[in-house]
Amino acid sequence: MCKGLAALPATCLKSAKDMKHHLDFLLQKPDSCEHSSSHSKKEKMAPAQRVSHKEVQKWADCLENLIHHNSGLAAFRAFLKSEYSEENIEFWVSCEEYKKTKSPAKLSPKARKIYDEFISVQATREVNLDSCTREVTSHNVLKPTLSCFDEAQRKIFILMEKDSYRRFLKSHFYLDLVSPSATTCGTESHKRATSPTLACSSPLVPQCA
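First things first, this report covers the structure right here in the doc. (Residues numbered from 1 in each chain as written. Predicted model: local features only at pLDDT ≥ 70, side-chain atom pairs only at ≥ 80, totals over all residues. Heavy atoms only, no water.)

Quick look at the overall build of the protein
Just so we agree on the cut-off: Working definition: helices are DSSP H or I runs of at least four residues, strands are E runs of at least two. Numbering for both runs from the N terminus. Each residue's exposure class comes from its accessible area (1.4 Å probe, protein chains only) as a fraction of the maximum for that residue type: buried when under 20%, exposed when over 50%, partly exposed otherwise. Contacts are assigned to residue pairs that have any heavy atoms within 4.5 Å of one another.
Secondary structure summary: the protein contains twelve helices and zero strands in total. Reading the helices (α) and strands (β) of the protein from amino to carboxyl end gives α-α-α-α-α-α-α-α-α-α-α-α. Taken over 209 residues, the protein has a buried fraction of 36%. Once local pairs closer than 6 in sequence are excluded, the contacts in the protein between residues at least 24 apart make up 64%.

Examining the packing of helix α6 (residues 87–98) against helix α9 (residues 150–162)
Heads up, the rule is: With axes taken as lines fitted to C-alpha atoms, and helix axes fitted only over the stretch in contact, angles between N-to-C directions fall between 0 and 180 degrees. Whether a crossing is left-handed or right-handed is set by the direction in which the near helix is turned from the far one by less than a right angle, anticlockwise for left-handed and clockwise for right-handed. For this classification, Asp, Glu, Lys and Arg are treated as charged, while Ala, Val, Leu, Ile, Met, Phe, Trp, Tyr, Cys and Pro are nonpolar and the rest, including Gly, are polar.
Direction vectors running N to C along α6 and α9 enclose 140°, while the axes themselves pass 10 Å from each other. Once α6 is placed against α9, the crossing between them reads as left-handed. Residues N88, I89, F91, W92, C95 and E96 of α6 lie in contact with α9, whose contacting residues are A152, Q153, I156, F157, L159 and M160. Partitioned by chemical class, the residues of the contact of α6 with α9 number nine nonpolar, two polar and one charged.

Section: the pattern of salt bridges
Stated precisely, the cut-off is as follows: Think of a salt bridge as a Lys or Arg side-chain nitrogen and an Asp or Glu carboxyl oxygen that are within 4 Å of each other.
A full pass over the atoms with the stated rule returns twelve salt bridges. The partner of R77 in a salt bridge is E90, and the shortest N-O contact between them spans 3.1 Å. In this pair, R77 is assigned in helix α5 (residues 70–82) and E90 in helix α6, connecting sequence segments 13 residues apart. Using a relative accessible area of 29% as the deciding quantity, one classes R77 as partly exposed. The class for E90 is buried, based on a relative accessible area of 17%. Its salt-bridge partner being D163, residue R167 comes within 2.4 Å of it at the nearest N-O pair. In this structure D163 comes out as partly exposed when scored by relative accessible area, which is 37%.

Purely geometric stuff here, so don't read any function into it on its own.
Below, the structure written as structure tokens:
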């Protein structure tokens, strides 16, 4: 018999909603586990798997671990967007995608697009580069290669590593994920008062027996 959300304690529901608010950008992934066709639409949209606590802890070791993990990158992007400073990570990601270009004919238009969006003095999302790096990159774009943005990308990576990455590790975007308390709901007293069938460890959408 299904146990509806209405049957859950209010404390659990509030904690679950808070978790979903912070984690929904991590959990809506195309490689999530498939639900059976008999489940409702709400169940299909429910998170099927979460990032492991061990993996989240690795994100604090270095910026590389964070942004080379899909969920870590999503979390970092969300944090920067909340600060209205996402242009650095978007530039870094664009450079990574650019380096995967296989057709030489596509290098020039792609390079020009990145330059116009992030490096030009009239760029819509200009990144903070020193004049020397900007000049070298501008010259490289004239005869683009797969490595023409490498120096600019390296400088932006260092900038993020020294600044926004450190703030991210102190923000609720990260702390809510790495803290053990983020995976539990309610207090110990509430747990003792809660029925075993409605424990606070219940998933956001209860399973059908």
